[in-house]
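Survey of secondary and tertiary structure
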Amino acid sequence: MEIFREILLGVIQGITGFLPVSSCAHLILLGRIFGMDSSYLSLFLCLLKISALLAVIIILFKDIMKLIIGAFQLIQDVFSNLFIFFIRFLGRRKEGYFVLDTNPYKRLVLVLMVSSAVTYVIARFIGSIAQNVSQMPMAVGICFLLSAVILFISDSLGAGKRTAKNINVFDAVVIGLAQGLSVVPGISRVVMTLAAAMALGFGRSFSLKYSCLLAIPTITGYALITLHDLAGTAISLGNLGNILAGMLCCCILSALCLRLMMNLAKKGSYRAFAAYGILISIMTILFSFNLK
């Protein structure tokens, strides 16, 4: 009956992955309840993240293609500027340099790179703290509560009207820092990135889109590191079928929940998720007392 366990975890990841609640904390707590091997659980969670990433690529395919085109244009501009630099250095001509962020998608490529780099630094710096928190259900419960409070405050204050046209490096650093803190179980990545972007004056729709686009390099980096660290973890043929079933459920539900979040970003409120965060916080803290 292990397939039902993997499907349940896939369903939970699919539902919570792009909603403003911490998916990682849910899965760690369930894995602990099921008594799953830590290495196998870490590997399975990584594969679920990859399937959730596939849902993002499907939903935001047009934006991602524009980002890819923007990235190639950015590379072309960089090499063109290097060529101009050498020409100017030799004193032959005084040509001007190409501006790197002449359109929103080229600018987005630059700031997403900055946010990802900041996230990586913060995550590596507090990684040991996050690992310790994952072993303490009460600490996870407190982080659930903190995440819910942040979401409630940011939703109450509302959002601004800034868009991709005027995002800058400072914004990218702040959002990357906020996302880096979400490595701690119970602190939602979606909550932190949404709250940071909205606090900087960005609209709800753009804040959500930036959060989702930022998930692509973040999850890719996380997956590469995790798969490298767990390269020796054995998966039986039976487990492989269970894993694929869980990944399929995760991908489908991730796409549906991402659509739900996009609709809520246009006309809706996140307060119901804040209330859920408080409820799951209380349940997690009570659960921690039962373990003693």
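Bear in mind that the values here come from a model prediction, so they are computed numbers and not experimental data. (Residues numbered from 1 in each chain as written. Predicted model: local features only at pLDDT ≥ 70, side-chain atom pairs only at ≥ 80, totals over all residues. Heavy atoms only, no water.)

Points about the overall build of the protein
Counting its regular elements, the protein contains 12 helices and 0 strands. Listed N to C, the secondary structure of the protein is α-α-α-α-α-α-α-α-α-α-α-α in terms of helices and strands. Against the compact-globule benchmark of 19 Å for 292 residues, the protein has a radius of gyration of 21 Å, which places it among compact chains. Across its three principal axes, the protein shows a C-alpha extent of roughly 75 × 45 × 35 Å. Sorting the 292 residues of the protein into buried and exposed places 49% on the buried side. Total accessible area computed for the protein in this model is approximately 14800 Å², and 72% of it derives from carbon and sulfur atoms. (Helix = DSSP H or I, 4+ residues; strand = E, 2+ residues; numbered from the N terminus. Rg over C-alpha atoms; globule rule 2.2 N^0.38 Å. Buried < 20%, exposed > 50% of the residue type's maximum accessible area, 1.4 Å probe, protein only. Areas by Shrake-Rupley, 256 points an atom, 1.4 Å probe, with all protein chains shown as cover.)

Quick word on the pattern of salt bridges
This model, assessed by the stated rule, comprises 5 salt bridges. Of the charged contacts in the structure, one is a salt bridge between K209 and D63, with a shortest N-O distance of 3.3 Å. With K209 in helix α10 (residues 204-229) and D63 in helix α4 (residues 61-89), this pair connects stretches of sequence that are 146 residues apart. By relative accessible area, K209 is classed as partly exposed at 32%. D63 gets classed as buried once you look at its relative accessible area, which sits at 12%. A salt bridge links D171 to R162; its shortest N-O distance comes to 2.6 Å. Relative accessible area serves as the criterion here: at 2%, D171 is assigned to the buried category. Through salt bridges that share partners, D155, R204 and R271 make up one connected network. (Salt bridge = Lys/Arg side-chain N within 4 Å of Asp/Glu carboxyl O.)

Observations concerning the environment of A55
Mapped onto the elements of the fold, A55 is located in helix α3 (residues 38-59). Placed 119 residues apart in sequence, A55 and V174 show a C-alpha to C-alpha distance of 26 Å. Not counting residues within four places of it along the chain, the set of residues in contact with A55 comprises C251, S254 and A255. (Contact = heavy atoms within 4.5 Å.)

Description of the confidence of the model for the protein
Residues at a pLDDT of 70 or more form 91% of the protein, whose mean pLDDT is 85. Across the protein, element-level confidence peaks in helix α8 (residues 169-181) with a mean pLDDT of 94 and bottoms out in helix α2 (residues 23-34) with 78. (pLDDT = per-residue confidence, 0-100.)

Digging into the packing of aromatic side chains
The description of an aromatic ring pair uses the distance of the two centres, along with the angle that the planes make with each other. By the definition in use, this model includes 3 aromatic pairs. Seen in terms of ring centroids, Y40 and F44 are 6.3 Å apart; in terms of plane orientation they differ by 5 degrees. Their pairing is stacked. Within this pair, Y40 and its partner F44 are both found in helix α3, separated by 4 residues, close to a single helical turn. No difference in accessibility class separates Y40 from F44, as the two residues are buried. The interplanar angle of 40 degrees and the centroid separation of 5.3 Å between the aromatic rings of F202 and F206 together place this pair among those described as tilted. By the burial criterion, F202 is buried, and F206 matches it. Among the aromatic residues, those joined into a ring-pair cluster are F202, F206 and Y210. Over the aromatic face of Y270 sits the side chain of R204, whose NZ or CZ is 4.4 Å from the ring centroid. (Phe/Tyr/Trp six-rings, centres within 6.5 Å; stacked < 30°, edge-to-face > 60°. Lys NZ or Arg CZ within 6 Å of the ring centre and 35° of its normal.)

A few points about the side chain of S154
Among the structural elements, S154 can be located in helix α7 (residues 137-157). For S154, a relative accessible area of 9% puts it in the buried group. Within the local environment of S154, its side chain forms a polar contact with the backbone oxygen of L151, the two atoms lying 3.0 Å apart. The contact partners of S154, leaving out residues within four places of it in the chain, are A195 and M198. (Polar contact = N/O pair within 3.5 Å; in protein donor to acceptor, adjacent residues only side chain to side chain.)

Overview of the nonpolar core
In terms of nonpolar packing, the biggest core is built from 81 residues, with Y210 and M261 touching the most fellow members. At 12 residues, α3 tops the list of elements feeding residues into this core. (Core = buried A, V, L, I, M, F, W, Y, C linked by side-chain atoms within 4.5 Å.)

Regarding the side chain of T193
Relative to the elements of secondary structure, T193 occurs in helix α9 (residues 189-199). From its side chain, T193 meets the backbone oxygen of V190 in a polar contact 3.2 Å long. A polar atom in the side chain of T193 sits 2.7 Å from the side chain of S211. Filtering out sequence-adjacent residues up to four positions away, T193 remains in contact with I175, Q179, S211 and L214.

Things to note about the state of the cysteines
Applying the stated rule across the entire model yields 0 disulfides. Looking at C250, it has no disulfide partner, and the nearest cysteine sulfur is the one in C251, 7.2 Å off. The cysteine C257 is free of any disulfide, with C250 supplying the nearest cysteine sulfur at 9.6 Å. (Disulfide = S-S within 2.5 Å.)

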